[in-house]
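Spelled out from the first residue to the last, the chains are:
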Number of protein chains: 2
Amino acid sequence: MTAMLINRRDLDFMLYELLDVEALTARPRFAEHGRETFAAALDTAHEIAEKRFAPHNAKADANEPTFDGETVTLLPEVGEAVRAFASAGLMAAHQDFDLGGMQLPWVVTQACMAMFQSANVSTAGYPFLTMAAANMLQAHGSQEQVGLFLRPMLEGRFLGTMCLSEPQAGSSLADIRTRATPTAEDHYLLSGNKMWISGGDNELTENIVHMVLARIEGAPPGVKGISLFLVPKFLVNADGSLGARNDVRLAGLNHKMGYRGTVNTALNFGERGNCVGYLMGEPHQGLAQMFHMMNEARIGVGLGATMLGYAGYLHSLDYARDRPQGRPPTAKDPTVAPIAIVGHADVRRMLLAQKAYCEGALALCLTAARMIDDQHTAPDAEARRRAGLLLDVLTPVVKAWPSEWCLEANKLAIQVLGGYGYTRDYPVEQLYRDNRLNMIHEGTNGIQALDLLGRKAGMAGGEGLALLLDEMRACAARAADVEGLAEFAAALSAAADRLRATTAALLAAAREDAERSLANAHVYLELVGTTVIAWTWLRQALVASRRRDGAPDDDAAFYAGKIQACRYFFRFELPRTEAQARLLSALDDTTLAMKEAWF
Amino acid sequence: MTAMLINRRDLDFMLYELLDVEALTARPRFAEHGRETFAAALDTAHEIAEKRFAPHNAKADANEPTFDGETVTLLPEVGEAVRAFASAGLMAAHQDFDLGGMQLPWVVTQACMAMFQSANVSTAGYPFLTMAAANMLQAHGSQEQVGLFLRPMLEGRFLGTMCLSEPQAGSSLADIRTRATPTAEDHYLLSGNKMWISGGDNELTENIVHMVLARIEGAPPGVKGISLFLVPKFLVNADGSLGARNDVRLAGLNHKMGYRGTVNTALNFGERGNCVGYLMGEPHQGLAQMFHMMNEARIGVGLGATMLGYAGYLHSLDYARDRPQGRPPTAKDPTVAPIAIVGHADVRRMLLAQKAYCEGALALCLTAARMIDDQHTAPDAEARRRAGLLLDVLTPVVKAWPSEWCLEANKLAIQVLGGYGYTRDYPVEQLYRDNRLNMIHEGTNGIQALDLLGRKAGMAGGEGLALLLDEMRACAARAADVEGLAEFAAALSAAADRLRATTAALLAAAREDAERSLANAHVYLELVGTTVIAWTWLRQALVASRRRDGAPDDDAAFYAGKIQACRYFFRFELPRTEAQARLLSALDDTTLAMKEAWF
């Protein structure tokens, strides 16, 4: 089965035509880059993803990690892939040149990561987590901590993990119980149990660096008493050599429906009373420190969900073009040869829906990644501030919408293949199983909804959302006079108005009755998400409309597809936000009023 | 893990309060029955489902059937379960007393089957297929064929299969290639390959009876040249003893994402030129004969989808009541104990949605089963005819809606359990994998959509749909004056009007441009389905409203839950049909106009 990772024409469209990533090279940090260096990085990523990641994707699913009580065993291909990734410098792709990095824009590194996620999301999990942990280390670690741990992580010699959840506290970090006891030395002793730790133990590399949330003895209760610790699997001597095995032990593996190649673990810290952890930054700042990397990690999860959907779309499109079956409803003569199923309107509906979900989601993820670049490197402070506000509002949407709708795309990919799609002989069923995780991890979508409505929508006087609405209105204004787009411009404008009015009603109500206002947070998240995706589609259709005339045939067809997918999204998907806005504006209390005894 | 098969209070509500199944005992065929004999059958089914089917559900998933080139091996528990089912007389539950049957109403037998499907849908597949094949045999077999094969099937000594699909022809029966050559004797010789045959080979019983579609040499092309054959695995002598092994061979097994306990096979007929098949009924009538049992089989698939969703609902409800985590959004004090997650509005949303989908779907499936009883046993011919027309329209909905939305329920059940739900330690992930099949088999939902809009909606001058709309309007009229239901009565009435107008527009357009009219058949199926489920909910809420006052506490809570689920469905789900009706009435051609080169 040839891996179909991404439509590179589409990726180029997103980066260069939609997001003008080349403009970033005007900034000092990216001055040594140009489209050719971006292309080189993308080609390298594509090649490694195709040759080292894709080939063992199904095999790792069928042969999940095992634990014999001492050691976790993974397929050898996993380690080879991670090493190839690191050797190509991709672990440090966005890092400074003087750290051995490539100093690439974040949006380009995410475009690279996208191909690994569609090739093999489970194996991509190891570098993904390591890069996130390295970012936290850079942001919050002491000079000494950074000095000891960062380079080995960027070189792929040490992997990283995030240790937040505990068996009794998944989404509720306020209830974390892991304890940290100060010692006379520079470290604390940790004790407690962590759950759902991806990459928590393995033999892929020489060491693992855990980023652990724990409470220092005497800390205030709740989230205000959580601190962040660095806990290595093996201690590291001052010269960088490995020291003793630390007291962090694998309690067991979780056996999942999908995403099986990423070993997921329960870890015990300090079973023998000797688990060394190093405090990062100030005490009791752990939650804020974690949130610092949340935008990036959540956008990464959204991108992973997107690429699982995207891979399924490409596979089902390929199948639909090759598979002859049936005839158009008006062609009754059974002696005429069957047509390829892509010729059936309902199959095209399923393909067009997948295209609209996945390319719309990819545009959103890369837009958000581009904003991360703006947040850090935009020339003026005001632009950086605005990018940060936009990101705050968009992050829960980027995490949640693709994890719902690109999963729906995977469901449709199976349907296009029919019975074959339900078998393990084709990749689409694994993509569907893998993708189901993304609604859950890195904060369930219910948590994202509370974050969006309970915090982000009203944050900074609602400025983040206002900026987003401004972007939508500006896009609608640009499209209003473009042939064929006026209908969608009007619809986006109306949708933005609905979103504004709905938000105002919910925030006003929250002052009287926060529980009632928040009870439909999930519907609000859906409303915002669908409106945001409509915005990404009108932006894409605008670019396509401008470039379509006079383009070579292949390009003209590509642009026509973008405009058609935009039309699909505005006609088939966006209209449901009208009913959602009515429900929300009425402050419906159906779920809130439901009593447990009535179930 | 205790199996949670069904809420028996809910099942009793459906049978006795909603559908007045006891009234059937006034008909001669059911005169010897009463509520106590129905209850005895339901209790027997419940006990066997719980003790013989549920315990090996996860085990059969983890240990799928194997084929060593000669023999298919299943878990021994599967055979024990099928034998227990047959020994209790359930294989013949609706059959005549003089065939050893119980002469139960179809709706009661379906209520029994529901519990097997929620306990273990894969093992339930064997009796399900056998009963369907037995019904075909009764309807179309010669006296001799019935005499030889029916009793062993009803006694569970012979199992049955349906052999329609071929590798090159899944949904397109016009392209079936399996050939039947007449001989000088009473049989034909068959040759060809069949695909996706559930139960196609196994050692559970002494024989298997295949119902096979094939073309007699010289038959007209397309569906008009298909005939139905009975092909036993072992020939049966005139005295009922087994004869020679017939030339039907297992070519291989299909390895599925779920539903793994039902062995799914590719079969070769006549590899050695000696596959004996007996023509059933007249030549070239095979498709019509198959459709004869389609209503029943498709309703069975819808019921299976419903019960997988229902089981997930019960499991996630149980979990949500037991699992403490987090606090209400307005309770900020982290030293207060966490609440059970059923206390969170978003968890209640996910539970209420599951309840609304699954209990709504169950009401629909049992309503349809009750119509099958009316079709066969209603006292006057006109009532029988009307029941048949209603069934024709409802059947594609009963098959498709639960397979979409009770799958959605399974997705939500996983979400309620969070990370735990994604592991194989809990049953909800298997239910989700199992349920994904139901959108595909027994005619994909795309085929159901074409059947509904292309045939059923306009059939008999549209009388079937008109009868359905009459039922909805009558229900709305009854509810209009009931306290608390006026809002929903008005909404159902408006939805029925929308459905009528949309159908008229589509059927009128079909006379000009059938392809365009049919291009959005799937959206039409969704529109009809959601409207139909709203109708089942208003009917349930009506009964609950009437009985709520003065009921004992438990009953009052149960009825309050029904009314709240009705409210949920009308507020959160039904409104999306407005946008669907607009899209359909505008005869949108987005999918039809999409060109292959644009993808």
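Here the structure is a predicted model, which is why all the values come from computation and not from measurement.

What to know about the overall build of chain A
- When helices and strands are counted, chain A shows 18 helices and twelve strands.
- Here the C-alpha atoms of chain A give a radius of gyration of 24 Å, agreeing with the 25 Å that 2.2 N^0.38 yields for 599 residues.
- Along the longest, intermediate and shortest principal axes, the C-alpha atoms of chain A span 80 × 60 × 60 Å.
- The 599 residues of chain A split such that 65% are buried.
- Within chain A, contacts between residues at least 6 apart in sequence are counted, and of these 75% link residues at least 24 apart.
- Element-wise, carbon and sulfur atoms account for 50% of the exposed surface of chain A, whose accessible area totals about 20,000 Å².

Details of the packing of helix H7 (residues 286-322) of chain A against helix H8 (residues 345-377) of chain A
Residues and elements named next belong to chain A.
- Where H7 contacts H8, the two axes come as close as 9 Å, and the packing angle between them is 150°. With respect to H8, the element H7 is oriented roughly antiparallel. Where H7 crosses over H8, the handedness of that crossing is left-handed.
- Class assignment of the residues belonging to the contact of H7 with H8 gives a composition of 15 nonpolar, seven polar and three charged.

What about the nonpolar core?
- In this structure, Tyr 524 of chain A together with Met 211 and Tyr 524 of chain B are the most contacted members of the largest nonpolar core, which totals 442 residues.
- Not counting chain neighbours up to four residues away, the residues in contact with Tyr 524 of chain B comprise Leu 452, Leu 453, Ala 457, Leu 465, Leu 499, Thr 503, Leu 506 and Leu 584 of chain B.

Side note on the interface of chain A and chain B
- Of the residues lining the interface, 96 residues belong to chain A; the matching set on chain B comes to 96 residues.
- Summed over both sides, the interface between chain A and chain B buries roughly 8,400 Å², with carbon and sulfur atoms accounting for 59% of that surface.
- If you look at where chain A meets chain B, you find 14 salt bridges.
- At the surface where chain A touches chain B, the tally comes to 49 residue pairs in polar contact (both at pLDDT 80 or more).
- Here the side of chain A that touches chain B gets eight residues from one element, more than from any other, and that element is helix H16 (residues 553-573) of chain A.
- Partitioning the side of chain A that touches chain B into residue classes produces 44 nonpolar, 25 polar and 27 charged.

Notes on the relation of the copies chain A and chain B
- Of the transformation placing chain A onto chain B, the axial shift is 0.0 Å and the rotation is 180°, giving an RMSD of 0.0 Å. Taken together, the rotation and translation describe the operation of a two-fold axis. Across chain A, the smallest distance between a C-alpha and the rotation axis is recorded for Arg 576 of chain A, namely 2.9 Å.
- Counting the interface residues of chain A, we find that 100% of their copies in chain B are interface residues as well, pointing to one common contact surface.

Regarding the pattern of salt bridges
Residues and elements named next belong to chain B.
- All told, the structure shown has 78 salt bridges over all chains when counted by the stated rule.
- Put simply, Arg 27 and Asp 374 hold a salt bridge, and the shortest N to O gap is 2.7 Å. With a gap of 347 residues between them, Arg 27 in the loop between helix H1 (8-18) and helix H2 (35-53) and Asp 374 in helix H8 (residues 345-377) connect regions that are remote in the sequence.
- Residue Arg 27 is classed as buried on the basis of its relative accessible area of 12%.
- Judged by its relative accessible area of 19%, Asp 374 falls in the buried class.
- Put simply, Glu 359 and Lys 562 hold a salt bridge, and the shortest N to O gap is 2.7 Å. Note that Glu 359 is positioned in helix H8 and Lys 562 in helix H16 (residues 553-573), a separation of 203 residues in sequence.

A closer look at helix H15 (residues 521-548) of chain A
Residue and element names in this part refer to chain A.
- Taking 1.5 Å per residue, 28 residues should reach 40 Å; H15 reaches 40 Å between its end C-alpha atoms and fits that length.
- Along H15, 25 of the 28 residues are buried, which leaves the element largely enclosed by surrounding structure.
- Taken from the residues just after H15, Gly 550 is the one with a positive phi, measuring 80°.

What to know about the confidence of the model for chain A
- Predicted confidence across chain A gives a mean pLDDT of 96, with 99% of residues reaching 70 or more.
- Interface confidence for the predicted complex, given as ipTM, is 0.97, next to a pTM of 0.98.

Here's the deal with the environment of Ile 447 of chain A
- Inspection of the secondary structure puts Ile 447 of chain A in helix H11 (residues 445-456).
- Distance in space between the C-alpha atoms of Ile 447 of chain A and Ala 521 of chain A is 9.3 Å, their sequence separation being 74 residues.

Some thoughts on the packing of aromatic side chains
- Following the criterion strictly, the structure yields 37 aromatic pairs over all chains and no others.
- Ring plane angle 20° and centroid distance 5.8 Å describe the contact between Trp 401 of chain B and Trp 405 of chain B, whose orientation is recorded as stacked. With Trp 401 of chain B and Trp 405 of chain B both in helix H9 (residues 381-417) and four residues apart, this pair spans about one turn of that helix.
- A cation over a ring is seen here: Arg 35 of chain A above Tyr 16 of chain A, with NZ or CZ 3.8 Å from the ring centre.
- Sitting over the ring of Phe 234 of chain B, Arg 245 of chain B keeps its end group 5.6 Å from the ring centre.

Observations concerning the pairing of strand S3 (residues 158-163) of chain A
All names here are of chain A.
- Within S3, six of the six residues are buried, which leaves the element mostly enclosed by the surrounding structure.
- Residues Phe 158, Gly 160 and Met 162 point to one face of S3 and Leu 159, Thr 161 and Cys 163 to the other, with burial holding for every one of them.
- For S3 and strand S6 (residues 207-216), the ladder comprises six bridges, and the chain directions are parallel. Bridge pairing in S6 places Thr 161 opposite His 210.

Brief notes about helix H4 (residues 76-87) of chain A
Residues and elements named next belong to chain A.
- Between the first and last C-alpha of H4 there are 17 Å, a value that for twelve residues agrees with the 16 Å anticipated at 1.5 Å per step.
- Buried within H4 we find Val 78, Gly 79, Ala 81, Val 82, Ala 84, Phe 85 and Ala 86.
- Elements in contact with the buried residues of H4: helix H2 (35-53), helix H5 (106-140) and S3.
- Backbone geometry just downstream of H4 places Gly 89 in the positive-phi region, at approximately 85°.

Let's talk about the state of the cysteines
All names here are of chain A.
- Considering all chains together, one arrives at zero disulfides over all chains under this definition.
- Its sulfur unpaired, Cys 358 is 4.0 Å from the next cysteine sulfur, which belongs to Cys 406.
- Residue Cys 358 is classed as buried on the basis of its relative accessible area of 0%.

Here we look at the environment of Met 439 of chain B
- Of note, Met 439 of chain B is situated in the loop between helix H10 (428-435) and helix H11 (445-456).
- For Met 439 of chain B and Leu 407 of chain B, which are 32 residues apart along the polypeptide, the C-alpha to C-alpha distance reads 9.0 Å.

Details of the packing of helix H13 (residues 486-512) of chain A against H15 of chain A
Residue and element names in this part refer to chain A.
- One can describe the packing of H13 onto H15 by two numbers: an axis separation of 10 Å at closest approach and a directional angle of 155°. By the criterion of interaxial angle, the relationship of H13 to H15 is roughly antiparallel. In the packing of H13 onto H15, the handedness of the crossing is left-handed. Between H13, through Phe 488, Ala 489, Leu 492, Ala 495, Ala 496, Leu 499, Thr 502, Thr 503 and Leu 506, and H15, the contact on the second element is made entirely by Tyr 524, Leu 527, Val 528, Thr 531, Ala 534, Trp 535 and Leu 538.
- Here the contact of H13 with H15 is composed, by residue class, of 13 nonpolar, three polar and no charged.

Some words on the pairing of strand S12 (residues 276-279) of chain A
Residues and elements named next belong to chain A.
- Residues of S12 alternate between two faces, with Val 276 and Tyr 278 on one and Gly 277 and Leu 279 on the opposite face, all of them buried.
- Strand direction decides the pairing type here: strand S5 (residues 188-198) and S12, joined by two bridges, are antiparallel. Bridging across to S12, Tyr 188 finds its partner in Gly 277.
- Relative to S12, strand S7 (residues 227-232) runs antiparallel, the two sharing two bridges. Across the sheet, Phe 229 pairs through a bridge with Leu 279, a residue of S12.

Re the environment of Val 398 of chain B
Residue and element names in this part refer to chain B.
- Within the secondary structure layout, Val 398 lies in helix H9.
- For Val 398, a relative accessible area of 0% translates into the label buried.
- Spatially, the C-alpha atoms of Val 398 and Leu 362 are 9.5 Å apart, while their sequence positions differ by 36 residues.

How each quantity is defined
- Each residue is numbered by its place in its chain's sequence as written, counting from 1.
- Numbering of ligands from 1 and lettering of chains from A proceed in the order in which they are written.
- Residues qualify for local features only when their pLDDT is at least 70, as the model is predicted, and side-chain atom pairs are given and counted only at 80 or more; totals for whole chains, interfaces and linings, by contrast, use all residues.
- Neither water nor hydrogens contribute to the side-chain values; these are computed over all heavy atoms in the structure.
- By the criteria applied, helices consist of DSSP H or I runs no shorter than four residues and strands consist of E runs no shorter than two, each listed in order from the N terminus.
- This radius of gyration counts C-alpha atoms alone. The globule rule is 2.2 Å times how many residues there are, raised to the power 0.38.
- In this scheme, a residue with accessible area under 20% of its type's maximum is buried, one over 50% is exposed, and one in between is partly exposed, where area comes from a 1.4 Å probe on protein chains only.
- Contact criterion: two residues are considered in contact whenever any of their non-hydrogen atoms come within 4.5 Å of each other.
- Where accessible areas are quoted, they stem from the Shrake-Rupley method and a 1.4 Å probe; at the residue level, only the protein chains shown are allowed to cover.
- Think of each axis as a best-fit line through the C-alpha atoms, taken over the contacting stretch in the case of a helix, with angles from 0 to 180 degrees between the N-to-C directions.
- By the definition adopted for this analysis, an angle is roughly parallel if under 35 degrees, roughly antiparallel if over 145, roughly perpendicular if from 65 to 115, and oblique otherwise.
- In this scheme the crossing of two helices becomes right-handed for a clockwise turn of the near helix relative to the far one and left-handed for an anticlockwise turn of less than a right angle.
- All residues other than Ala, Val, Leu, Ile, Met, Phe, Trp, Tyr, Cys, Pro, Asp, Glu, Lys and Arg, Gly among them, are scored as polar; the first ten of these are nonpolar and the last four charged.
- The term nonpolar core refers to a set of buried residues drawn from Ala, Val, Leu, Ile, Met, Phe, Trp, Tyr and Cys, joined through side-chain atoms within 4.5 Å.
- Note on terms: buried area is the combined drop in 1.4 Å-probe accessible area of two parts once they are placed together, counting the loss on both.
- A pairing counts as a salt bridge when a side-chain nitrogen of Lys or Arg comes within 4 Å of a carboxyl oxygen of Asp or Glu.
- For this analysis, a polar contact is any N or O atom pair within 3.5 Å, provided that within protein one partner can donate a hydrogen and the other can accept it, and provided that sequence-adjacent residues contribute only side-chain to side-chain pairs.
- Superposing copies: least-squares fit, C-alpha atoms only, residues required to have pLDDT of at least 70 in both.
- Every helix has an expected span of 1.5 Å times one less than the residues it contains.
- Note: pLDDT gives the predictor's confidence per residue, expressed from 0 to 100.
- Pairing of aromatic rings covers Phe, Tyr and the six-membered ring of Trp, with a centre-to-centre limit of 6.5 Å; geometry is then stacked below 30 degrees between planes, edge-to-face above 60, and tilted otherwise.
- The rule for a charge over a ring is simple: NZ of Lys or CZ of Arg within 6 Å of the ring centre, and within 35 degrees of the ring normal.
- Here, strands pair whenever DSSP counts at least two bridges between them.
- In this description, a disulfide is simply a cysteine sulfur pair whose atoms lie within 2.5 Å.

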